[in-house]
Each structure stands twice: as structure tokens, then as C-alpha cells.
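Spelled out from the first residue to the last, the chains are:
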Amino acid sequence: MVPWKGALLLNNIFSVSASLMFGFSGPNYANNFEMVMLARLVYGFMVGVSITIVPLYLAEISPINLRGAIGTCHQLMITVGILIAQVLGLFIFNQPDQWSLLLALTGVFSGVEILTLPFCPESPRWLLLNKNQPEKCRAALVKLRGDDDVDDEVAEMKEEAQKESSTQKVGMWSVLTLKDKTWKMPLIISVMLHAAQQLSGINAVMFYVTIIFEQTGMSAEEVSYATIGVGGINVLMTIVSVFIVERAGRRILLLYPFGLMVLFTGLLTVSLNLQSRDDLFPGVPGMKRLAVIPPEGNPWEWSSVNRTLDTIPELEGLSTWD
């Protein structure tokens, strides 16, 4: 079994490959849209692997009391990346023949990971439970915590390993067929949370935010700054979640944001449908501008799903972080 750190390093092969294809697919080189499609496919595979492994690695190197906050930092970096891409695309690589250079920048961040990740310790939990190397586990914990007093944490991992060895693990088919009826409610909650996140409309807003702002009558400069504002709010709300996710509780932080998203996406839908009748509804452009800037997304949705699955010992392997 490949360790989490090793898997992340190997995953950069796909990122660098996609980056090269993006770079050479532009109008100044191959000018080939098939290469863009293939690069998207390769890069999508890389993202899928990363979005699964990174939360696991972060959870296993984090202290228990900071696990939720550090796990949310993964989502924070995603929103920061979106904001950086918006700034670069609108203000730096904003010429018609520069889009391939912007896409190729993904390879730069992979290069940074290739250079820095080898200096990070391997997951202590993986070293102990998967490789049975207690000394290396302890050394990794000492490096991560900056303290030699890690014996209690090692003992907790050993106790957890004993519990896991006595728990029957199940496959995906057993889950889908509800082999145990007590799994029903946690699984429904998990599926509905993921479905609500995907169907909330946030992806459509982020993809078409520039067009939506243009339809409100904004100038090109105003549209650029408004788009950056949407990305900035995305980052801001994720930063807020890092500090309150362990204090306020996940249920409250799911209910209120989802409620606001229903309100604002409903407002956006109404305003888009009335945009051709601005003479009868003069406030429509303002409605659209307001509706595009809600407190977006639920950065704690992944954490909530995994905590829900972790309430069932047999299903712990299906979660992406503890």
C-alpha cells in the first residue's frame, strides 16, 4: 500500500502532464482543442485523487482538538486557488491568446509540492497501523508536535488499531444494499448533504458570474472587480469557518448557509427570468448583483459527512477524514 505522502507525490505526474498539454494546446502552439479535453480528463483524475487523499493526510497528522479546523483549511486553499485564478485571468493573462498559459500554471504549484512535500513527515497513523513501525511513528509525531511527549497519542493509536481489528469491515455493495438497517439514516444524511452541495447552484454561479454581472449593465472594469469580490467572499466565509467549526457545531453551520443559499439562488433565478422585462421591473439588475454574492458553499460539509459515517465503526473506511 502506497503511503499518503507517496501517493500525493506520484499524483503530480498527472498534474504536470496536464499542465504541459494545456500549455502546448494554445493558439501559439498546437492550437488543438482535443489536447485541452485530454488535459482536462487527466487533470480531473489528479484532482479526484487529491481531494480524497489530502483530507486523510491532514486528519492523520493533526492533533485531535484541531482536526476539524485543519481539515477545513483544505477547502480554504481551494477557495484561495479560485480567487488567484480569477485575479490572474482577469488582470494578467487577459489576452485572447494567453488562456493556455493560465491553465499551464497548474504545473507550477505541482512543482512547489514536489520540492516541499518530501520534507514533511509521513502520517504517524499510517506508519503504526499499516507498516507496524512504532519508532518511525513516534519520530513523525515528535516532528509534527515539536514535543517529545507523544506517548499518550501513540497509545491512543494502538487502542484504535485494536478496536478496528475487532470490527468487521464492509464493502460498497453491502452499503448500497443496506446490509444493516441501522446504516440507513447516516447514509441518507451523507448523500443528501453531498447532493445539496452539488445542486446548490454555486458551481453555476462561479462559472457564469462574469456573464451574470455583464447582464446587469456593469462596465468591463466593474465586472472584473465584482467577480473578484465574489471570490473574495468565498475565501472570507471559509476563513470564518476555520475558527467556528469546532465551537458552533456542524449542524448549525449547515442549516443556516444552506437556507441562505436557497434564498439567494431563488432570487437569482427570478431576476434572470425577469431580465428581459427591465421596463416593468427596474430593480432586476440590482437583484442579480445581490443574488450572486451570498455566503457561498459549505466548507464544513465534507467534515460533517465524514463525522456522520464515523458514528458507524463498519463504515469508517468510507469517510475521507476522521
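To be clear, the structure that these remarks concern was listed above.
This section reports on the structure supplied with the text. (Residues numbered from 1 in each chain as written. Predicted model: local features only at pLDDT ≥ 70, side-chain atom pairs only at ≥ 80, totals over all residues. Heavy atoms only, no water.)

1. As for the overall build of the chain
1) Next: Within the chain one finds 15 helices and zero strands.
2) Next: When burial is assessed residue by residue, the chain has 38% of its 322 residues classed as buried.
3) Next: Looking at the chain alone, contacts between residues at least 24 apart form 69% of all its contacts between residues at least 6 apart.
4) Next: Roughly 18,000 Å² of accessible area belongs to the chain as shown, and the carbon and sulfur atoms make up 66% of that amount. (Helix = DSSP H or I, 4+ residues; strand = E, 2+ residues; numbered from the N terminus. Buried < 20%, exposed > 50% of the residue type's maximum accessible area, 1.4 Å probe, protein only. Contact = heavy atoms within 4.5 Å. Areas by Shrake-Rupley, 256 points an atom, 1.4 Å probe, with all protein chains shown as cover.)

2. What to know about the packing of helix H2 (residues 33-61) against helix H3 (residues 67-92)
1) Next: One way to put it is that H2 packs onto H3 with a least axis distance of 9 Å and a crossing angle of 150°. With respect to each other, H2 and H3 are oriented roughly antiparallel. Here the hand of the crossing between H2 and H3 comes out right-handed. Counting all contacts with H2, which are made through Ile 51, Val 54, Pro 55, Leu 58 and Ala 59, the residues of H3 involved are Arg 67, Ile 70 and His 74.
2) Next: The class makeup of the residues in the contact of H2 with H3 is six nonpolar, one polar and one charged. (Axes fitted to C-alpha atoms, helices over the stretch in contact; angles between N-to-C directions. Parallel < 35°, antiparallel > 145°, perpendicular 65-115°, else oblique. Left-handed = near helix turned anticlockwise from the far one by under 90°. Nonpolar A, V, L, I, M, F, W, Y, C, P; charged D, E, K, R; others polar.)

3. Side note on the side chain of His 74
1) Next: Tracing the backbone through its elements, the reader meets His 74 in helix H3.
2) Next: Given a relative accessible area of 15%, His 74 falls into the buried group.
3) Next: Those residues in contact with His 74, other than ones at most four positions away along the chain, are Ile 51, Val 54, Pro 55 and Leu 58.

4. Observations concerning the environment of Leu 187
1) Next: By the secondary structure assignment, Leu 187 is in helix H10 (residues 184-198).
2) Next: C-alpha separation for the pair Leu 187 and Leu 176, spaced eleven residues apart in sequence, amounts to 9.3 Å.

5. Focus on the nonpolar core
1) Next: Ranked by internal contacts, the top residues of the largest apolar core, which has 19 residues, are Trp 4, Leu 8, Cys 137 and Leu 141.
2) Next: Where this core is concerned, the elements lending two or more residues are helix H1 (4-24), H2, helix H6 (124-129), helix H7 (134-145) and helix H8 (151-165).
3) Next: By residue number, the principal contributor to this core is H2, which donates six residues.
4) Next: Excluding anything up to four places from it in sequence, Leu 8 contacts Ile 53, Val 54, Tyr 57, Glu 113 and Leu 117. (Core = buried A, V, L, I, M, F, W, Y, C linked by side-chain atoms within 4.5 Å.)

6. Let's talk about the pattern of salt bridges
1) Next: Under the definition given, this model contains three salt bridges.
2) Next: A salt bridge links Glu 60 to Arg 125, with the shortest nitrogen-to-oxygen separation between them at 3.5 Å. One end of the pair, Glu 60, is in helix H2; the other, Arg 125, is in helix H6, with 65 residues separating them in the sequence.
3) Next: Residue Arg 145 is joined to Glu 153 by a salt bridge in which the shortest nitrogen-to-oxygen separation is 2.6 Å.
4) Next: A relative accessible area of 23% means that Arg 145 is categorised as partly exposed. (Salt bridge = Lys/Arg side-chain N within 4 Å of Asp/Glu carboxyl O.)

7. With respect to the packing of aromatic side chains
1) Next: Across all of its chains, the model carries four aromatic pairs by this definition.
2) Next: The interplanar angle of 80° and the centroid separation of 5.4 Å between the aromatic rings of Phe 24 and Tyr 29 together place this pair among those described as edge-to-face.
3) Next: Residue Tyr 29 is classed as exposed on the basis of its relative accessible area of 52%. (Phe/Tyr/Trp six-rings, centres within 6.5 Å; stacked < 30°, edge-to-face > 60°.)

8. Observations concerning the packing of H1 against helix H5 (residues 106-116)
1) Next: At a minimum axis separation of 9 Å, H1 and H5 run at an interaxial angle of 155°. As judged from the angle between their axes, H1 and H5 are roughly antiparallel. The chirality of how H1 crosses H5 is left-handed. Seen from H1, the contacting residues are Leu 8, Leu 9, Asn 12, Ser 15, Val 16 and Ser 19; seen from H5, they are Thr 106, Gly 107, Ser 110, Glu 113 and Ile 114.

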